[in-house]
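# Understanding the architecture of this molecule
The lines below spell out each chain.
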Amino acid sequence: MARRMVHLYGWMLVFPAVVLLAAFTHVPAVATLWASLFTTARPNRPSRFAGLDAYRAMLDDPVFWQSLANNAVFAAATIPASVILALVMALLVNGRLRGRAAVRVAFFTPTVLPMIAVANIWLFFYTPSYGLLDQIAGLFGLPATNWLGSRETALGAVIAVAVWKEAGFFMIFYLAALQQIPQSLREAAALEGCGRWTFFRRVTLPLIMPTTLFVLINAIINAFRMIDHIIVMTRGGPDNTTSLLLFYIYEVGFKFWDTAYAAALTVVLLVILALVALGQFVILDRRTHYR
Amino acid sequence: MTFFRNTLAAAALATGVVTAAAPAALAATELTFYYPVAVGGPITKLIDQYVADFHAEHPDIRINPVYSGSYQDTITKALTAVRGGDAPELAVILSTDMFTLIDEDAIVPFDDLIQGEAQAKWLGSFYPGFMENSQTGGKTWGIPFQRSTVVMYWNKEAFKEVGLDPEVPPQTWAEMTEFAHKLTRREGDVTSRWGVQIPSSGFPYWLFQCLTTQNDAILANAEGNKTNFDDPKVVEALQYWVDLSVKEKVHPPGIVEWGTTPKDFFEGKVAMMWTTTGNLTNVRTNAPFEFGVAMLPEKARRGSPTGGGNFYVFKSADEAQRKAALTFVEWMTTPERAAQWGIDTGYVAVRPDAWETKAMQDYVAGFPAAAVARDQLPHAVAELSTHENQRVTKALNDALQAVLTGAEQPEPALKKAQAEAERILRAYH
């Protein structure tokens, strides 16, 4: 009897979480998978079961492959760049630095600004001829560059915005982690005659590993989730060179109204994210030192 | 909520609760009205003013204007709302989205709404050029409102500076290239002024359609189920566009942003620009130099697509709301108001008699540039519009951007776009 009560008590405690997770995560995920197996309903043509047709169409869809490739480049560039930059910035403002508070605020500001505002600011930076970047380039006699309008630079340009936006956010986590490292470790290391680099590599880095794991997961999710600036700055152009997977899903779903195909694309995105998260927890978790 | 209020109002009417003393708001028919803003200038303020004026004359109708972003955002929002069962009753959406809205079963034709001879006459009072994109299958689905064509703006001071007659814009493609050469100013690698600029971000197909029309090609049929993207004349038009930047080097390379094109013009970074007449008031207010407005140059003929937004009434509106919507649309498109809207924004007043009002005649007398778009109307064609419009135009847009960024040649790129369009439209034959 008492045992049953404990069970019931346990279920009652997790009940709110279960309801929320199911309603906003699990049910929509399964519904998406289900929707991807049917054709899109049109007023004169009702939805019918189509099996894996949408997935087969995906294989022949060049825009899908390009968006996937763009997204891989976007992730491969933004994740290491923003995480390393965040760590460097955190180390910088963790030390004794004049005007530390001001620098911290400066690093963190991009995070506070809404992405739409950020994208509009950068739109001005990138404007050919009289944008900020070209004005600076002009001082050195360099020609104007159409940053967002040529296929060589467009993806790099949106990557730079993403790194700029993200690094400050991750810095806050690193800063918190760095402040948790006890001063006594530093003193002990100093007594042992250990250099700053060795201390960083052997003590600091392992101790902030849980934070790195957390930051990495966030960085990866963001690499697949951030499209606000794409919508404002390039709308996926020129010729899909800045189309990311989620942006393409948005286009298919809300501009073409091909909801079934959009569902199939979403399933692909879910699978990618699930695999990444799984890999991280299995591999990195073993190497992470929790206190 | 709207539903609740309407039901309440209807119930109140039915039971005779409403007396003469009851507040008018209780019995008012409420309408949600989505409208986009696509050009510079205080459009939201103008719309709010118009709606306030309308309320003063029609206390029994409440219009709730909702600013819904760009044209793209508006169609997305409207269709999402339709699917979510919370559609607006009235919206201004691109004329080219007509087929999409019909296919989604979202709108009602105006033929079903009008009653009596006066309204039938009103339906026939618009420029035929604007009705091409508003009618299909013998029915009128949209009422022209903020409609435009593409025109060329030129910087008279720059013309003077390089020894061109500041009052004479280029008349042909060849002349435009020649003028652009003279107007392009280069120091070493740095180009401080380009001769001409045709924007290509977002919706390059619209600007491109100017070139194809001038080269005497039609991009899609009136039924909206067949395209001609690989017509040799279309290929030639694209070759001309890309040559302007790649071969002639008088046009900025790569994709030129639509939104910053007027600013480029104000800054003197470009001497001639192609953009919508809807920017007229914006340019007039902000250009720090004397400028001219001209019809686009010709190749085989003159030409521009029409563009801009129509009023659509949504199926979700009930009987009273449809009637109220029609009243509002009619009120917004009277000759006087069409003229005023044209003067306030630069959009083309949508009916001939609007140009005969005193306000408009005074305006044109003082500012002849305002009449250029009207004079170009006889040369205008329907803007590219097909079933699955977003998808088909994306195929063309991608091809155009691929060519303009130097990744592909015009002919193979347009062939690919045509094949894609045929695949998409197969279901509509």
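Since we're looking at a predicted model, the values are computed, not measured.

Turning our attention to the overall build of chain A. Helix and strand counts for chain A come out as 13 helices and 0 strands. N-terminal to C-terminal, the α/β element order of chain A is α-α-α-α-α-α-α-α-α-α-α-α-α. The C-alpha radius of gyration computed for chain A amounts to 24 Å, which surpasses the reference 19 Å derived for 291 residues by more than 25%, pointing to a less compact arrangement than a globule. Counting only contacts in chain A whose residues sit at least 6 apart along the sequence, the fraction spanning at least 24 positions is 69%.

The next thing to look at is the overall build of chain B. Secondary structure assignment for chain B yields 19 helices and 13 strands. Once the C-alpha set of chain B is aligned to its principal axes, its extents read approximately 80 × 50 × 35 Å. Counting across all 429 residues of chain B, residues that qualify as buried make up 51%. Residue pairs at least 24 apart in sequence account for 74% of intrachain contacts in chain B once pairs closer than 6 positions are excluded.

Below, the discussion takes up the packing of helix 7 (residues 154-180) of chain A against helix 10 (residues 209-225) of chain A. Residue and element names in this part refer to chain A. In the contact formed by helix 7 and helix 10, the axes pass within 10 Å of each other and the chain directions differ by 165 degrees. For the element pair helix 7 / helix 10, the angle class is roughly antiparallel. The two elements helix 7 and helix 10 meet at a crossing, and its hand is right-handed. In this structure, helix 7 contributes E166, F170, F173, Y174 and A177 to the contact, and helix 10 contributes T211, F214, V215, A219 and N222.

Glancing now at the interface of chain B and chain A. Each side of the interface is counted separately: chain B has 28 residues, and chain A has 22 residues. Secondary structure elements with two or more residues in the side of chain B that touches chain A: helix 4 (71-83), strand 9 (190-197) and helix 18 (389-404) of chain B. Here the residues of the side of chain B that touches chain A are counted per class, giving 8 nonpolar, 10 polar and 10 charged.

Attention now moves to the pairing of strand 10 (residues 270-276) of chain B. Residues and elements named next belong to chain B. Burial of strand 10 is extensive: 7 of the 7 residues sit out of reach of the surface. When strand 7 (residues 143-155) meets strand 10, the two strands line up antiparallel, connected through 5 bridges. Each bridged residue has a counterpart across the sheet, and for M152 the counterpart in strand 10 is W274. With 3 bridges connecting them, strand 9 and strand 10 associate as parallel partners. Among the inter-strand pairings, W194 is bridged to a residue of strand 10, identified as V270.

Within the span of helix 9 (residues 173-183) of chain B, buried status applies to M176, T177, F179, A180 and L183 of chain B. Looking straight down helix 9 of chain B, one finds that the buried residues subtend no more than 165 degrees of arc, so they occupy a single side.

Moving on, we get to helix 4 (residues 100-112) of chain A. Every α-helix winds through 3.6 residues per turn, so residues three or four apart in the chain are directed the same way. With 13 residues, helix 4 of chain A should cover 18 Å at 1.5 Å per step; its first-to-last C-alpha distance of 18 Å lies within 8% of that length. Along its length, helix 4 of chain A shows its largest kink, about 25 degrees, at A106 of chain A, and proline P110 of chain A lies within four residues downstream of that point.

Here we take up the environment of K160 of chain B. Residue and element names in this part refer to chain B. For K160, the location among the structural elements is in helix 8 (residues 156-161). With 14 C-beta atoms packed within 10 Å, K160 lands in the partly exposed category. Distance from K160 to H55, taken between C-alpha atoms, is 50 Å for residues 105 residues apart in sequence.

Position of P368 of chain B relative to the elements: it lies in the loop between helix 16 (358-366) and helix 17 (372-376). Along the sequence, P368 of chain B and I102 of chain B sit 266 residues apart, while their C-alpha atoms lie 39 Å from each other.

Residue and element names in this part refer to chain A. Backbone geometry places N240, a non-glycine residue, at a positive phi of 65 degrees. Mapped onto the secondary structure, N240 falls in the loop between helix 11 (228-233) and helix 12 (245-255). In this structure N240 comes out as buried when scored by C-beta crowding, with 23 C-beta atoms within 10 Å.

Residue and element names in this part refer to chain A. Where helix 5 (residues 115-126) meets helix 7, the closest approach of the two axes is 11 Å, and the angle between their N-to-C directions is 130 degrees. By the criterion of interaxial angle, the relationship of helix 5 to helix 7 is oblique. Regarding helix 5 and helix 7, the two cross each other, and that crossing is right-handed. Residues M115, V118, A119, W122 and Y126 of helix 5 form the contact with helix 7, whose participating residues are A157, V161 and K165. When the residues that make up the contact of helix 5 with helix 7 are grouped by side-chain class, the tally is 7 nonpolar, no polar and 1 charged.

The next subject is the pairing of strand 3 (residues 90-94) of chain B. All names here are of chain B. Of all 5 residues in strand 3, 5 are buried; the element is thus mostly enclosed. Alignment of strand 1 (residues 29-35) against strand 3, held across 2 bridges, turns out to be parallel. Its bridge partner being in strand 3, Y34 is matched across the sheet by A91. With 5 bridges joining them, strand 3 and strand 12 (residues 304-314) adopt antiparallel strand pairing. Within strand 12, the residue paired with L94 across the bridge is G309.

The next point concerns the confidence of the model for chain B. Residue and element names in this part refer to chain B. When pLDDT is averaged across chain B, the result is 88; 93% of the residues are at 70 or more. Least confident of the elements in chain B is helix 1 (residues 2-14), whose mean pLDDT is 44; most confident is helix 10 (residues 204-214), at 95. Segment residues 1-25: pLDDT under 50, and 18 contacts once partners within four positions in sequence are set aside and those in other chains are kept. Listed scores for the predicted complex are pTM 0.81 and ipTM 0.74.

Quick look at the environment of M332 of chain B now. All names here are of chain B. Topologically, M332 is positioned in helix 14 (residues 319-332). Note on M332: 20 C-beta atoms within 10 Å, which makes it buried. Remark: the alpha-carbon pair of M332 and L377, spanning 45 residues in sequence, is separated by 21 Å. Discounting residues that sit within four places of it in the chain, M332 has contacts with Y50, F145 and R337.

Rules used throughout
- Residues numbered from 1 in each chain as written.
- Chains lettered and ligands numbered in written order.
- Predicted model: local features only at pLDDT ≥ 70, side-chain atom pairs only at ≥ 80, totals over all residues.
- Helix = DSSP H or I, 4+ residues; strand = E, 2+ residues; numbered from the N terminus.
- Rg over C-alpha atoms; globule rule 2.2 N^0.38 Å.
- Contact = placed C-beta atoms within 7 Å.
- Buried ≥ 20, exposed ≤ 12 C-beta atoms within 10 Å, placed from the backbone.
- Axes fitted to C-alpha atoms, helices over the stretch in contact; angles between N-to-C directions.
- Parallel < 35°, antiparallel > 145°, perpendicular 65-115°, else oblique.
- Left-handed = near helix turned anticlockwise from the far one by under 90°.
- Nonpolar A, V, L, I, M, F, W, Y, C, P; charged D, E, K, R; others polar.
- Pairing = 2+ DSSP bridges.
- Arc of directions from axis to C-beta.
- Expected span 1.5 Å × (residues − 1).
- Bend = angle between axes of the 7 residues up to and from the residue.
- pLDDT = per-residue confidence, 0-100.

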